[in-house]
Amino acid sequence: MRSRAKWSLVLSLALALSLVLSACGSSSSSSSSASSNTLAKSQVLNLASTADIPTLDPNLATDTTSTNVIEMTEAGLTRMHDNKYQWDLAAGAPKVSADKKTVTFTLRNAKWSDGKPITAQDFVYGWQRQNDPAAKPAYNFLFTAVGIKNASKIEDPTNKQFYGKYNLLGVKALNSKTLQIQLEEPIPPFFYSILSQPQFMPLRADFVKKQGSNFAMGPSNVLYSGPFILSSWKKGSNWTYKKNPDYWNAKATKLTQVNVQYQANLSTRVNLYKTGKIDAVSLTGDFVNNLKATNPKEIHSNLTSGTFFLYINQKTNKYLKNLDLRKAINASIDRNSFVKVLFNDGSVASNYVVPKGFTKGPDGNDFRGDAPVNGYPAGNASDAKALWNKAKKELGITKLNLSFLSSNGDQYKQWDEYLANQIQTNLPGVTVTINQQPWANYLTLNQEFKFDLAFSGWFPDYQDPMTYLDMWTTGNAQNTTGWSNKKFDSLIANAKAETGDPAKRWADMVSAEKTMMADYPIVPIYQEGQTWAQKPTVKGLSQPSYGPQVDFSQAYITTK
């Protein structure tokens, strides 16, 4: 899902961010050998976020801030915790048919926050709403990704026979406690992890319809089924979670309250941490060295599975359809200096789509071991100038103005200026105008193609390379570049149909990334690392490489 750079992302919670994740298919949980495990009397966690919540509606959530809030307050068939799926509203493992295309779940006894039972019909309604054009779903391509029967046809506006007919989706309630799912192909390896995502969570029809246009507009306009409820949300300022006593596994939730304040300024967040007003904070640049010197035992680091890049809009900017111009922009940026000097947090320069250490294939190798380990050749400043000169001749231009959309925040300003300066310096005649916007505005402008270049990132929806690849197929709602490549589309389609042949599926995904990196619809910049400071009394925070970015569902506070 889409993410602001670092903190941002996770960021939603400063902590979050802070804590942010681990990469490499592993997760990071907070702990400290120097502190006790005796529960403190007050189980209140205080965090800060670099972004406000864009939306609480699972149909509209496309970013990590929104989905993290939903994943802490709602439940699905499964729940990701410490990089492993757990049965959540599913009572246990489902029955799988011999051809592995029909999966039948039995639901456990669980109830909504208003006390009414959660039923199989609630899952059917939630899934169908995700495929109802009238509900404006922004992320329903996950149903096609997992191969739910008829999903690809229902989501295809050109398919007059199926488009919008969500009642034909391969999900039905056999009774109030039995949910049956039908797949187009044998069950994919990431099936149980993706079921933890907000798009696959239940919704109750009577509540949603009664709320009408007010649904999910505030804490009182949502029913809750997860570990916490959202008790307050002062937009643009702060929000508060409280423990949900009606959650079926409430005994595992130790925190009684989580307070999150929105603070875009890193120095402000660091001061809040130093003065004990928040319990964790992510760090970059000089703040890393400063906190390492003063609070060395509170510093943690990780490489995450977040990838950050520049979108290149070739849909509404005719010049950016030129391949040599896109290659020139890619070659113009010194990524190593960017991450080592400005970030200083363990992030690594990248020129690839699928991150290192995320998943292993049928041969046991990491995806980057089967593809170029360190990515594809990015070129250098000399290459950039040569490609730019070639592009100018092909396009008949001598100069070019580009708008650069980014998220607001003090760190972003520094990063954006670096990237813009690299492009302008190494491509003489190019002028880059930075347009920083609040995160929610950024998402809207990006989705409406109102930019030439846009800086953002992607975190996985499930533990499979496909989560980084299929979003770039022709017409995908997340493909806000306008790029279209028939060979790439074909390789992705083949891989999705090859769940019964893991080796061939893996090879097609490796070939798809190679095809994409020959066309440069995006400019890969870096794979995210995280360095954060965290109070030693905070335990059990988890930052999985997929699923919730920051999982505090089982976190707790100790006395020392």
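Here, the structure is the one placed above.
As the structure is a computational prediction, the values presented were derived from the model and not from experiment.

A. Up close: the sheet that holds strand S6 (residues 102–106). Taken together, the four strands give an open sheet; going across it, the order is S5-S6-S8-S7, and neighbouring strands pair in antiparallel fashion. Two strands bound the open sheet, and with one partner strand each, they are strand S5 (95–96) and strand S7 (171–175). Across five bridges, S6 lies against strand S8 (residues 178–182) in antiparallel orientation. Bridging from a neighbouring strand, Phe-105 pairs with Leu-179 of S8.

B. Representation of the side chain of Asn-485 in the model. Relative to the helices and strands, Asn-485 is located in the loop between helix H17 (466–469) and helix H18 (486–497). Separated by 3.1 Å, the side chains of Asn-485 and Asp-519 make a polar contact. Non-local contacts of Asn-485, meaning those with residues more than four positions away in its chain, are made with Thr-474, Thr-515 and Asp-519.

C. Structural view of the packing of aromatic side chains. Here the structure, examined in full by the defined rule, presents 33 aromatic pairs. Residues Tyr-85 and Trp-87 carry aromatic rings whose centres are separated by 5.3 Å and whose planes lie at 65° to one another, so their mutual orientation is edge-to-face. Residue classification places Tyr-85 among the partly exposed residues on the basis of a relative accessible area of 38%. The class for Trp-87 is partly exposed, based on a relative accessible area of 25%. Plain terms: the ring middles of Phe-105 and Tyr-192 are 6.5 Å apart, the flat faces sit at 90° to each other, and that makes the pair edge-to-face. Linking Phe-105 in strand S6 with Tyr-192 in helix H7 (residues 191–194), this pair joins segments that are 87 residues apart in sequence. Its relative accessible area of 17% is what places Tyr-192 among the buried residues. Taken together through their ring pairs, the aromatic side chains of Phe-308, Phe-338, Phe-343, Tyr-412, Trp-415, Tyr-418, Phe-455, Phe-459 and Tyr-526 make up a single cluster. Seen from the ring of Trp-233, Lys-235 lies directly overhead, with NZ or CZ sitting 4.7 Å from the centre. Against the face of Tyr-556 rests Lys-254, its NZ or CZ located 5.8 Å from the ring centre.

D. Geometry of empty space enclosed by the protein. Scanning the model with the defined rule gives five cavities of 30 Å³ or more in all. One number sums up the size of the largest cavity: a volume of about 180 Å³. For the lining of the largest cavity, the secondary structure elements donating two or more residues are helix H3 (64–73) and helix H8 (205–211). Among the residues forming the lining of the largest cavity, the class breakdown is 16 nonpolar, two polar and two charged. Volume-wise, the second largest cavity comes out at about 70 Å³. Lining the second largest cavity, in full, are Thr-307, Phe-308, Phe-309, Ser-350, Tyr-352, Val-353, Trp-458, Tyr-468, Met-471, Trp-472, Ile-522 and Pro-524. Among the elements of the structure, strand S13 (299–312) and strand S18 (522–534) are those that each provide at least two residues to the lining of the second largest cavity.

Cut-offs used in this document
- Residues numbered from 1 in each chain as written.
- Predicted model: local features only at pLDDT ≥ 70, side-chain atom pairs only at ≥ 80, totals over all residues.
- Heavy atoms only, no water.
- Pairing = 2+ DSSP bridges.
- Helix = DSSP H or I, 4+ residues; strand = E, 2+ residues; numbered from the N terminus.
- Polar contact = N/O pair within 3.5 Å; in protein donor to acceptor, adjacent residues only side chain to side chain.
- Contact = heavy atoms within 4.5 Å.
- Phe/Tyr/Trp six-rings, centres within 6.5 Å; stacked < 30°, edge-to-face > 60°.
- Buried < 20%, exposed > 50% of the residue type's maximum accessible area, 1.4 Å probe, protein only.
- Lys NZ or Arg CZ within 6 Å of the ring centre and 35° of its normal.
- 1 Å grid on protein atoms, 1.4 Å probe; cavity = no way out; pocket = protein on both sides within 12 Å on 5 of 7 lines; lining within 4 Å.
- Points joined across faces, edges and corners; volume = space filled by probe spheres on them.
- Nonpolar A, V, L, I, M, F, W, Y, C, P; charged D, E, K, R; others polar.

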